[in-house]
Amino acid sequence: MAIAHRGASSYAPENTMAAFDLAIVMGARHIELDVHSTSDGHVVVIHDDTVDRTTDGSGPVAKVALAALRTLDAGSWFGHEFTGERIPTLDAVLGRYRGRVHVHVEIKGQSSQLSHQTADLIRKHGMVGEATITSFQIARLQETRANAPELTTGWLVADVTDAVIAQARSLGLSQICPRANRITSELVRRLRAAGFVVRAWGVASEDLMRQVVQSGADGMTVNFPDKLIAYLATSTASRG
Ligand code: G3P
Ligand code: CA
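Residues numbered from 1 in each chain as written. Chains lettered and ligands numbered in written order. Predicted model: local features only at pLDDT ≥ 70, side-chain atom pairs only at ≥ 80, totals over all residues. Heavy atoms only, no water.

A. Focus on the site of ligand 1. If you check the shell around ligand 1, you find His5, Arg6, Glu32, Asp34, His47, Glu106, Lys108, Phe136, Leu156, Arg199, Trp201 and Thr221 and nothing else. Residue glutamate 32 places a side-chain N or O atom 2.9 Å away from an oxygen atom belonging to ligand 1. For ligand 1, an oxygen atom lies 2.9 Å from a polar atom in the side chain of glutamate 106. Against a free-state accessible area of 290 Å², the protein chains account for coverage of 90% of ligand 1. (Near = heavy atom within 4 Å. Polar contact = N/O pair within 3.5 Å; in protein donor to acceptor, adjacent residues only side chain to side chain. Areas by Shrake-Rupley, 256 points an atom, 1.4 Å probe, with all protein chains shown as cover.)

Structural data, given as structure tokens:
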């Protein structure tokens, strides 16, 4: 899985339709995005818990209503050609990309309501088989497993310990997602043998990207999906 991290975020403003569209143009069949709740209970696609870094506004996402968030410019910080990009709702992203890509939704906000709403939106769009819920927060994954056991789930972790494996197994999680620079072929074999899909995050360079591929992992999020797709084509061709 070559998963475009926040879209093709090396080339377009992260977590915008421009970044997701570009990922698809580059050939990605998987996109990753982050979700938070607005003050009036809508699910929006943004990484940070404030709008400061990626828009022309300021303040916590959770303190602003959707209508006000939608007036912010989420593109010009990245480049003037992206002026006018907006913070998308998860509803709009799923509606736009259903049937075109698998969507990996990372729950960033810290409420059970957000877990429930995210699952409901995936169901509404008929994307149960085309979506994966991920989080660093085990509480959000517990809520998802309890409320929507039909959904694929992955736990984002820095290090894989015996306790992580045991908890992931007891919760019925499908994926363990270690930090890329911790991945080895031994770790991949161990997690696969335990029944998990192994998906890396934090791929900061093309060298690391190649190391993750060579480890045998099942996939990774990457800001430059074009480079991973090209590398996978080359390494597949050379194998034969
Ligand atoms: O693939 C998971 C990755 O997105 C986690 O880190 O900070 O980019 O959300 P972050
Ligand atoms: Ca993320």
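B. Here's a closer look at the layout of surface pockets. One number sums up the size of the largest pocket: a volume of about 180 Å³. As for the largest pocket, its lining consists of His36, Ser37, His47, Asp48, Asp49, Pro60, Val61, Ala62, Lys108, Gly109 and Gln110. For the lining of the largest pocket, the per-class residue count stands at three nonpolar, five polar and three charged. (1 Å grid on protein atoms, 1.4 Å probe; cavity = no way out; pocket = protein on both sides within 12 Å on 5 of 7 lines; lining within 4 Å. Points joined across faces, edges and corners; volume = space filled by probe spheres on them. Nonpolar A, V, L, I, M, F, W, Y, C, P; charged D, E, K, R; others polar.)

C. View of the nonpolar core. Counting 59 residues, the largest nonpolar core has Leu33, Val35, Leu90, Ile176 and Met220 as the members making the most contacts within it. With sequence-adjacent residues up to four places away left out, leucine 33 is seen in contact with Asn15, Phe20, Val45, Leu90, Val93, Val103, His104, Val105 and Glu106. Listed in part, the 10 residues of the second largest apolar core include Val44, Ile46, Leu66 and Leu72. (Core = buried A, V, L, I, M, F, W, Y, C linked by side-chain atoms within 4.5 Å. Buried < 20%, exposed > 50% of the residue type's maximum accessible area, 1.4 Å probe, protein only. Contact = heavy atoms within 4.5 Å.)

D. Representation of the environment of proline 13. Here proline 13 shows up in the loop between strand E1 (2–5) and helix H1 (17–25). Overall, proline 13 belongs to the buried group, its relative accessible area being 0%. Residues proline 13 and valine 101 lie 88 residues apart in sequence; the distance between their C-alpha atoms is 19 Å. The residues touching proline 13, leaving out its near neighbours within four places in the chain, are Ala19, Ala74, Gly75, Trp77, Phe78, Phe82 and Glu85. (Helix = DSSP H or I, 4+ residues; strand = E, 2+ residues; numbered from the N terminus.)

E. Expanded view of the packing of aromatic side chains. Enumeration over the complete set of coordinates arrives at four aromatic pairs. Summarising the aromatic geometry, the rings of phenylalanine 78 and phenylalanine 82 are spaced 5.8 Å apart at their centres and angled 75 degrees between planes, so their arrangement reads as edge-to-face. What makes phenylalanine 78 partly exposed here is its relative accessible area of 30%. The cationic tip of lysine 227 hangs over the ring face of phenylalanine 224; the distance from NZ or CZ to the ring centre is 5.7 Å. (Phe/Tyr/Trp six-rings, centres within 6.5 Å; stacked < 30°, edge-to-face > 60°. Lys NZ or Arg CZ within 6 Å of the ring centre and 35° of its normal.)

F. The pairing of strand E9 (residues 219–222), seen in detail. Neither face of E9 is exposed, since Gly219 and Thr221 on one face and Met220 and Val222 on the opposite face are all buried. In the sheet, E1 pairs with E9 via three bridges, with the strands oriented parallel. Along E9, the bridge assignment pairs alanine 2 with methionine 220. Note: strand E8 (residues 197–200) against E9, two bridges, orientation parallel. Paired with alanine 200 across the bridge in E9 is methionine 220. Chirality of the crossover, the property in question, places the unit of E8, helix H8 (residues 206–215) and E9 among those that are right-handed. (Pairing = 2+ DSSP bridges. Right-handed = clockwise from strand over helix to strand, strands pointing away.)

G. Region of interest: empty space enclosed by the protein. All told, the structure shown has one cavity of 30 Å³ or more when counted by the stated rule. In this structure, the largest cavity occupies an estimated 70 Å³ of space. Along the walls of the largest cavity sit 13 residues, with Glu14, Asn15, Ile46, Thr54 and Ala74 positioned nearest its centre. In the lining of the largest cavity, the residues fall into six nonpolar, five polar and two charged.

H. Region of interest: H8. Of the residues making up H8, those classed as buried are Leu208, Met209, Val212, Val213 and Ser215. Axial view of H8: buried residues confined to an arc of 160 degrees, hence all on one face. In this structure, H8 carries Asp207, Gln211 and Gln214 as exposed residues pointing more than 90 degrees from its buried face. (Arc of directions from axis to C-beta.)

I. Structural context of the packing of helix H4 (residues 112–124) against helix H5 (residues 138–147). With their axes 9 Å apart at the nearest point, H4 and H5 run at an angle of 45 degrees to one another. On the basis of the axis angle, H4 is oblique to H5. The two elements H4 and H5 cross, and the hand of that crossing is right-handed. Along the contact surface, H4 presents Ser112, Ser115, His116, Ala119 and Arg123, while H5 presents Arg140, Glu143, Thr144 and Asn147. Its residues assigned to classes, the contact of H4 with H5 shows one nonpolar, five polar and three charged. (Axes fitted to C-alpha atoms, helices over the stretch in contact; angles between N-to-C directions. Parallel < 35°, antiparallel > 145°, perpendicular 65-115°, else oblique. Left-handed = near helix turned anticlockwise from the far one by under 90°.)

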